[in-house]
Amino acid sequence: MSAPPVKDPFPLTKLLAGSERLDRPFFARPAIEVARDCLGKILVHGNAAGRIVEVEAYLGEQDAAAHASHGRTERTKVLYGAPGHAYVYFIYGMHECLNFTAEKEDSPGTLLVRALEPLSGLRLMMTRRGPAARRVEDIASGPGKLTVAMGITRKHNASDLITGPLQVRRLFEEPEFEIAATPRVGIRRCADWPLRFLIAGSRFVSKG
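Residues numbered from 1 in each chain as written. Predicted model: local features only at pLDDT ≥ 70, side-chain atom pairs only at ≥ 80, totals over all residues. Heavy atoms only, no water.

Asker: How do you make sense of the nonpolar core when you look at a structure like this?
Answerer: Proteins that are soluble and globular tend to have nonpolar side chains buried together. Ranked by size, the top nonpolar core spans 43 residues in total, and within it Leu43, Ile52, Leu98 and Phe100 carry the most contacts. Broken down by element, this core gets its largest block of residues, five residues, from strand E3 (residues 48–58). Ignoring anything within four residues of it in the chain, the contact list for phenylalanine 100 reads Phe27, Cys38, Leu43, Ile52, His85, Gly109, Thr110, Leu111, Val113, Leu161 and Val168. Counting eleven residues, the second-largest nonpolar core is a separate cluster that includes Tyr58, Ala66, Val78 and Cys97. (Core = buried A, V, L, I, M, F, W, Y, C linked by side-chain atoms within 4.5 Å. Buried < 20%, exposed > 50% of the residue type's maximum accessible area, 1.4 Å probe, protein only. Helix = DSSP H or I, 4+ residues; strand = E, 2+ residues; numbered from the N terminus. Contact = heavy atoms within 4.5 Å.)

Asker: Whenever I open this one, helix H4 (residues 122–129) confuses me. Can you help?
Answerer: Because each turn of an α-helix spans 3.6 residues, side chains separated by three or four positions in sequence point in the same direction. Listed in full, the buried residues belonging to H4 are Leu122, Met125, Met126 and Arg129. Around the axis of H4, the buried residues are gathered within 95° of arc, so they sit on the same side. Close packing links the buried residues of H4 with E3, strand E6 (110–120) and helix H5 (143–150). Immediately beyond the C-terminal end of H4, within one or two residues, lies glycine 130, with a positive phi of roughly 75°. (Arc of directions from axis to C-beta.)

Asker: I'm lost on the pattern of salt bridges in this one. Help?
Answerer: Oppositely charged side chains may form a pair once their charged atoms are brought near each other. Tallied over the full model, the rule gives 15 salt bridges. Put simply, aspartate 160 and arginine 24 hold a salt bridge, and the shortest N to O gap is 2.9 Å. Taken together, the positions of aspartate 160 in the loop between H5 and strand E7 (166–171) and arginine 24 in helix H2 (residues 24–27) put the pair 136 residues apart, joining distant regions of the chain. Across the pair glutamate 117 and arginine 51 runs a salt bridge whose closest N-O atoms are separated by 3.0 Å. Of this pair, glutamate 117 sits in strand E6 while arginine 51 sits in strand E3; the two residues are 66 residues apart in sequence, bridging distant segments of the chain. Residues glutamate 117 and arginine 51 agree in their burial class; the two are buried. A network of salt bridges, in which partner residues are shared, links Glu54, Glu56, Arg114 and Arg196. (Salt bridge = Lys/Arg side-chain N within 4 Å of Asp/Glu carboxyl O.)

Asker: I would appreciate a short explanation of the packing of aromatic side chains in the present structure.
Answerer: When we look at a pair of aromatic rings, we describe it by the centre distance and by the angle of the planes. Tallied over the full model, the rule gives three aromatic pairs. Judged by centre distance (6.1 Å) and plane angle (85°), the ring pair of phenylalanine 27 and phenylalanine 100 falls under edge-to-face. Of the two residues, phenylalanine 27 sits in helix H2 while phenylalanine 100 sits in strand E5 (residues 95–101), which places them 73 residues apart along the sequence. Phenylalanine 27 gets classed as buried once you look at its relative accessible area, which sits at 0%. Residue phenylalanine 100 is classed as buried on the basis of its relative accessible area, which comes to 0%. Summarising the aromatic geometry, the rings of tyrosine 87 and tyrosine 89 are spaced 5.4 Å apart at their centres and angled 45° between planes, so their arrangement reads as tilted. Residue tyrosine 87 is classed as buried on the basis of its relative accessible area of 2%. A network of ring pairs unites the aromatic residues Phe26, Phe27 and Phe100 as a single cluster. Directly above the aromatic system of phenylalanine 26 lies the positively charged group of arginine 29, at a separation of 4.8 Å from the ring centroid. Above the plane of the ring of phenylalanine 90 lies arginine 154, whose end atom (NZ or CZ) is 4.0 Å from the centre. (Phe/Tyr/Trp six-rings, centres within 6.5 Å; stacked < 30°, edge-to-face > 60°. Lys NZ or Arg CZ within 6 Å of the ring centre and 35° of its normal.)

Read these as layout, nothing more, since geometry by itself doesn't imply function.
See the structure below:
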C-alpha cells in the first residue's frame, strides 16, 4: 500500500503569487542585519520551498570563525563578490551548507542558513531525505539536512540569488514573530558571539 499524500502547508503556486523575490539592495547591508531580516523569508528551489527559521551571521576577515578569516582564496572568492549570491561548501566530508553573501563587494560578510520550515513540495523533500525525515520537523532542521531536502549542492555555489535557480522571497503578508539570539553552534573560535538568530518558538529549528 502506498503512503498517504503529504499535504503542503503552502502550495507553491499560491506562495509564488503571494510573494516577491528579494533584490540586490536587500543583501547589500551588514551581515547581521541581513541575517535577522532573512528570518521569515522563503527559500525556493524548483518545486520545493521553505520558510527560513534559523540563520547564523559571519562577519568576514575579523571573525575567526568565518571562512573569510583566512582572506580571499579560490574557495572563498564568491564572498568577496557582489552581495546576493549563494556560497555552498562541503563540510565534515558529508554535508553541503548554504550561505548567502551580504554587504558590499570586497567585504565578505555572509550568513549560514541553518533551518527551514517546509512549506511546498514536502513529499519531494521527504523522499530526498529518506528514512531520517519521518516527521515534517525533521526534514530541514539543520544546515546539512536542508540542502539535501531542497536539492541544493555545490553546483549552486556562486549562483545569483536575484536571477538564478535559488530564490529568496518575501511574502506580501508576512506573519509576525519574535527573534531570539544565541551563540553560534559547532564552532570553537568566537564561540560566544550571539550571532545565531532564530524564530522564537519554532519547532523547525536545529537542535543546536
